[in-house]
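If you want the building blocks of each chain, they are given just below.
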Amino acid sequence: MGEGPHVNGHRMNSVRRAILKWFRRHGRELPWRHSENPFHILLAEILLRRTTAAAVARVYPGFVRRFNEPKDLARARLRTLEKKVASLGLQSVRARHLRETAKRILLEHNGAVPQEDVSLRALPGVGRYVSAAVRNFAFRIADPMVDGNVIHLMNRLFSTGFTGPNDAKAWLFMGHFGGRKQQKQLYWGIIDLVAAVCLRGNPRCSQCPLNMYCDFLRTIPSPNPG
Ligand code: SF4
């Protein structure tokens, strides 16, 4: 594995600070962001894969009330779960994963969400990103995180050319970019910036707090040359 793209540390720090500052003023209030309950955070992260935060926010409070603990979810009827995930536009495999994950937490971890990456990733439907998110958000373990939002924003800002969330160079890069703390607010800021400002089709660069650091913006021809 190569070292990956090099970005000047000063520029990285400036961008990181700008994202954190923007998030403090404009970040979204999403119900799972207030939770310290590892099981609830795990549920949110599994539900959030391939759907929007706004859609999950509509069903999440009812979902965690009904399936407050692993035992509640482990004994849920599959049909009930399938209906709930279908309302998010998700396939029934997600329902099976949720129930199986709850059963495994009960049987193999005494009902407590494990902290180790290897144990988390052994749970059905939990990949590297969900594991890192749970460790970071629930247990305050400083793990870097890479998903489609991170790839999109880093590629635009720094011309990193990452190919997707499985690109090992992107994980290495975020290890540096996130710094020692890998703050959750930084990652929430990235998610919210991509949802509201750095849109994939038509980015709102004039409103962007990162526009003075962005490679992509420099490649857009000026509408008023001269
Ligand atoms: S300046 Fe534009 S392209 Fe660059 S990060 Fe901001 S919104 Fe995205």
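Keep in mind that what you see is a predicted model, and the values were worked out from it rather than measured.

Draft legend 1. Spotlight on the overall build of the protein chain. Counting its regular elements, the protein chain contains 12 helices and 0 strands. Put simply, the protein chain runs from its N terminus to its C terminus through helices and strands in the order α-α-α-α-α-α-α-α-α-α-α-α. When its C-alpha atoms are laid out on the principal axes, the protein chain stretches across 65 × 35 × 30 Å. Out of the 226 residues in the protein chain, the part that is buried amounts to 35%. Of all intrachain contacts in the protein chain linking residues separated by at least 6 positions in sequence, the fraction that spans at least 24 positions is 64%.

Draft legend 2. Summary view of the site of the ligand. Near the ligand you find 13 residues, and of these Cys-198, Pro-203, Cys-205, Cys-208 and Cys-214 are the closest. Going through the elements one at a time, α9 (148–158) and α12 (215–219) are the ones with two or more residues in the shell around the ligand. Counted by class, the shell around the ligand contains 10 nonpolar, 1 polar and 2 charged residues.

Draft legend 3. Just the nonpolar core, in detail. If you look at the biggest cluster of nonpolar residues, it comprises 59 residues, and the most contacted ones within it are Val-134, Val-150, Met-154, Ala-170 and Ile-190. Sorting elements by how many residues they give to this core places helix α2 (residues 38–48) first, with 8 residues. Two domains each provide a minimum of three residues to this core, namely domain 1 (9–29 + 143–219) and domain 2 (31–139).

Draft legend 4. Representation of the domain arrangement of the protein chain. Its domain assignment divides the protein chain into domain 1 (9–29 + 143–219) and domain 2 (31–139). Relative placement of domain 1 and domain 2: their C-alpha centres are 26 Å apart. Each side of the interface is counted separately: domain 1 has 10 residues, and domain 2 has 8 residues. Along the lines of polarity and charge, the residues of the side of domain 1 that touches domain 2 split into 5 nonpolar, 1 polar and 4 charged.

Draft legend 5. The arrangement of helix α10 (residues 168–177) in detail. Looking at α10, one finds that the buried residues are Ala-170, Trp-171, Phe-173, Met-174 and Phe-177. Projected onto a plane normal to the axis of α10, the buried residues spread over an arc of 160 degrees and lie on a single side. Summarising the contacts, the buried residues of α10 are in contact with α1 (9–26) and α9. Positive phi appears at Gly-179, one or two residues downstream of α10, with a value of about 70 degrees.

Each value, and the rule that gives it
Residues numbered from 1 in each chain as written. Predicted model: local features only at pLDDT ≥ 70, side-chain atom pairs only at ≥ 80, totals over all residues. Helix = DSSP H or I, 4+ residues; strand = E, 2+ residues; numbered from the N terminus. Buried ≥ 20, exposed ≤ 12 C-beta atoms within 10 Å, placed from the backbone. Contact = placed C-beta atoms within 7 Å. Near = placed C-beta within 6 Å. Nonpolar A, V, L, I, M, F, W, Y, C, P; charged D, E, K, R; others polar. Core = buried A, V, L, I, M, F, W, Y, C linked by C-beta atoms within 7 Å. Domains from an automatic or database assignment. Arc of directions from axis to C-beta.

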